[in-house]
Structure formats: structure tokens, C-alpha cells
Amino acid sequence: MPFREINSKMVEATVVPGQRMFSQRGAMIAYRGDVAFTPNMAGGQGGLMSMIGRRVAGEATPLMSVEGNGTVMFGHGGHHVHVVALTGDTLYVEADRLLAFDGTLEQGTMFMGSQGGVMGMVRGQVTGQGLFTTTLRGHGSVAVMAHGGVIELPIAPGRPVHVDPQAYVAHRGDVRNKLSTALGWRDMVGRGSGEAFQLELSGNGVVYVQASEEKL
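Residues numbered from 1 in each chain as written. Predicted model: local features only at pLDDT ≥ 70, side-chain atom pairs only at ≥ 80, totals over all residues. Heavy atoms only, no water.

1. Describing the side chain of Glu200
Assignment of secondary structure puts Glu200 in strand β13 (residues 197-210). One buried charged residue, Glu200, forms no salt bridge at all, with the nearest opposite charge on Lys178 at 4.2 Å. One polar contact links Glu200 to His162, side chain to side chain, over a distance of 3.2 Å. (Helix = DSSP H or I, 4+ residues; strand = E, 2+ residues; numbered from the N terminus. Buried < 20%, exposed > 50% of the residue type's maximum accessible area, 1.4 Å probe, protein only. Lys, Arg positive; Asp, Glu negative; His and termini not counted. Salt bridge = Lys/Arg side-chain N within 4 Å of Asp/Glu carboxyl O. Polar contact = N/O pair within 3.5 Å; in protein donor to acceptor, adjacent residues only side chain to side chain.)

Rendered as C-alpha cells:
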């Protein structure tokens, strides 16, 4: 069930019997029809391990399950909303940037350090970003939130993209991530993101970047 963009900060989705969606708690702006919203403690299609991953990542509040027959408008905190359509591939997205997504998508959790090694682990300790990234796989739509809008930067073989970790929203494709720093270990103490840290994404795909470094 694709999202219809009402404006840069709101989307609308049609909910039909027998299908469901998941949304961030507090994301519902308004709805028409017979629609029910219930906390989802099972962690979506990813099951218990997905829920554990989100809790370890600091996402204390559960997702909301949206079911029924009607239309729902989503938005949150006045943030800009960007819609991503998946056609069997996987989207890697920060959990706190998820606004809403189709219940048909399989949800999981990826430890960012698994690709970035030790420097990937430093990402969560120094920049304030989570060590875990939510994965959504399958056919369906995802609405993500960002500050100041989202731009899509293509990642091509031999042409990696370097992103400020706090400007990172999501990525898709055959992409590897690695956090690097231009400073020594002593200089890193007490520093956040910016020029000191760069998230390098290489391979073949797309990275979604927000226009502001402000955290959600």
C-alpha cells in the first residue's frame, strides 16, 4: 500500500482489511474510516529478535500496528517525510527515522559494527548514533523522517560516498559501510560528528542524507 505525499511533512496511506501497517508511536495525524491502532510488542515481521535489537539500540517505545478499513495520515514533529519504494531489496534505516511502513516487509536489525569493524562501534560511542540499524526487506513502501528534507546520493563502484554520521538517514543496495576519522584517538575524545568523522559507503546503491545534522 503505497504512501501518498500530502506535503513535505505528511503522507497518507490506505488501510484495507487483511493487511496492516506499522508506524512510530505518535505518528498518526488523522484518519478516516474504521481503523485501529495497537502497540506491537512482537517486533513486526522480524519477531522477538527484531524487538530486542530495537531495545538495545535505545528504541524503548514499541511500534504501533495499524489495521482496519480507511485512510491514515502520518507525520511526526514537523519533520520532513521521504517515501522509499522497495521492490524486493533491503533498506537499512535508523530506527528513530522510521515514520511508517508496510506490514508485508520483513523487519530485522543489523549491527553497524559488523561491517565497520572497531570504527563502526565507535560510531555509537562518540557520535551519539545507534550501533544498530533497522532492516526492511521485501515489496512495499517505507516513509522515513529527516530534518530539512532528504537527498539521494548514488553510490557506484570505485566512487564511494562520505557522509556525516549524523546526516545519515538510510541506504539500500550492495553497500558496505565504514566509519573513519581524520583525527588521532586523543583528538577524538569529546568530539562529535562533522569533519572529524566520516561514514564511508562503498559499492553499488543509494544513500539517503538529511539536510541538517540535527538528531530526531
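Still more to cover.
2. Brief notes about the pattern of salt bridges
A pair can form between side chains of opposite charge whenever their charged atoms are brought close. Following the criterion strictly, the structure yields 3 salt bridges and no others. The partner of Arg172 in a salt bridge is Asp89, with the nearest N and O atoms 2.6 Å apart. Taken together, the residues span a long stretch of sequence, with Arg172 in strand β12 (residues 168-181) and Asp89 in strand β6 (residues 80-93) at a distance of 83 residues. Connected through salt bridges with shared partners, the residues Arg4, Glu12 and Arg32 form a single ionic network.

3. A few points about the packing of aromatic side chains
Per the counting criterion, the structure on display carries 3 aromatic pairs. Taken together, a centroid distance of 6.4 Å and an interplanar angle of 80 degrees make the contact between Phe3 and Phe74 edge-to-face. With Phe3 in strand β1 (residues 3-7) and Phe74 in strand β5 (residues 63-74), this pair connects stretches of sequence that are 71 residues apart. Each of the two residues, Phe3 as well as Phe74, counts as buried. (Phe/Tyr/Trp six-rings, centres within 6.5 Å; stacked < 30°, edge-to-face > 60°.)

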